[in-house]
Amino acid sequence: MTHNPMTPIENKRLDALVGRWRSRGQMVPTDPSDPAIEIAGSDTYEWLTGGFFLLHRVAVRIGDDQVEVVEMIGPYDPATGTYPMRSFDNHGAFVTMQASVADDGVWTFAGDTERATLVIADDRATMSATWERADDTTTWHPWMTMSFTRLS
């Protein structure tokens with residue numbers, strides 16, 4: 001992707017996500033005696049022309065439920081050191097989060113009631129994420145674990 005000269009240079013860090021990924025994982029049951037709910041599908045990341053916004057599409061099955069999400073990531077906000085994220089799903093939910101990346105390449109996605117840590121392998125062929133949800137703003141609970149394999 002050729003980025004627009006006006007695009008924040010920090011947006012290039014999002015290039016690690018670009019492509020199509022096979023998504024697999026499971027939701028952590030709220031009751032330990034319940035089985036985990038399987039998640040399977042795909043995630044696709046692609047730049048909108050100009051390189052300001054990364055478009056993220058999710059199409060997964062969570063148990064018996066089909067979930068589709070469209071998310072816009074970016075552009076980098078130097079005032080907060082984060083990438084704004086806005087997602088919309090086929091169930092009518094709208095979520096706003098912020099992404100940040102540490103010097104070691106570990107990504108953090110944070111919102112009011114959900115947050116995740118994403119680790120991209122050095123060869124960029126796989127990545128893994130651990131998600132948490134909060135019932136309030138202070139008590140976090142495991143929500144789901146995901147793994148992603150890049151598709152050619």
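Worth saying up front: this structure is predicted, and the values here are computed from it rather than measured.

**Q** Mind showing me how you'd approach the packing of aromatic side chains here?
**A** Counting across every chain of the model gives six aromatic pairs. Residues W107 and F109 carry aromatic rings whose centres are separated by 6.5 Å and whose planes lie at 25 degrees to one another, so their mutual orientation is stacked. What makes F109 buried here is its relative accessible area of 8%. Here the aromatic rings of W131 and W143 are separated by 5.8 Å at their centres, their planes lie at 85 degrees, and the arrangement is edge-to-face. Taken as a pair, W131 in strand β9 (residues 126-134) and W143 in strand β10 (residues 140-151) lie far apart in primary sequence, twelve residues in all. Taken together, Y76, Y83, W107, F109, W131 and W143 form an aromatic cluster joined through their ring pairs. Against the face of W140 rests R115, its NZ or CZ located 4.1 Å from the ring centre.

**Q** Before we go on, may I ask you to explain the side chain of H56 in this structure?
**A** Residue placement: H56 occurs in strand β3 (residues 54-62). When its relative accessible area of 7% is taken as the criterion, H56 is described as buried. At a separation of 2.6 Å, a polar atom in the side chain of H56 contacts the side chain of D43. At 2.7 Å, the side chain of H56 forms a polar contact with the side chain of E71. Residues within four places of H56 in sequence aside, it is in contact with D43, T44, Y45, V69, V70, E71 and I73.

**Q** How should I be thinking about the sheet that holds strand β5 (residues 83-89) in this particular structure?
**A** Through backbone hydrogen bonds, the strands of a sheet pair up, either in parallel or in antiparallel fashion. Strand order around the closed barrel formed by ten strands is β1-β2-β3-β4-β5-β6-β7-β8-β9-β10, with antiparallel pairing between neighbours. Across this sheet, the average inter-strand angle for adjacent strands is 25 degrees, counted without regard to direction. Both strand β4 (residues 65-73) and β5 contribute to a ladder of five bridges, which runs antiparallel. Counterpart to V69 in the pairing with β5 is D89.

About the cut-offs
Residues numbered from 1 in each chain as written. Predicted model: local features only at pLDDT ≥ 70, side-chain atom pairs only at ≥ 80, totals over all residues. Heavy atoms only, no water. Phe/Tyr/Trp six-rings, centres within 6.5 Å; stacked < 30°, edge-to-face > 60°. Buried < 20%, exposed > 50% of the residue type's maximum accessible area, 1.4 Å probe, protein only. Helix = DSSP H or I, 4+ residues; strand = E, 2+ residues; numbered from the N terminus. Lys NZ or Arg CZ within 6 Å of the ring centre and 35° of its normal. Polar contact = N/O pair within 3.5 Å; in protein donor to acceptor, adjacent residues only side chain to side chain. Contact = heavy atoms within 4.5 Å. Pairing = 2+ DSSP bridges. Axes fitted to C-alpha atoms, helices over the stretch in contact; angles between N-to-C directions.

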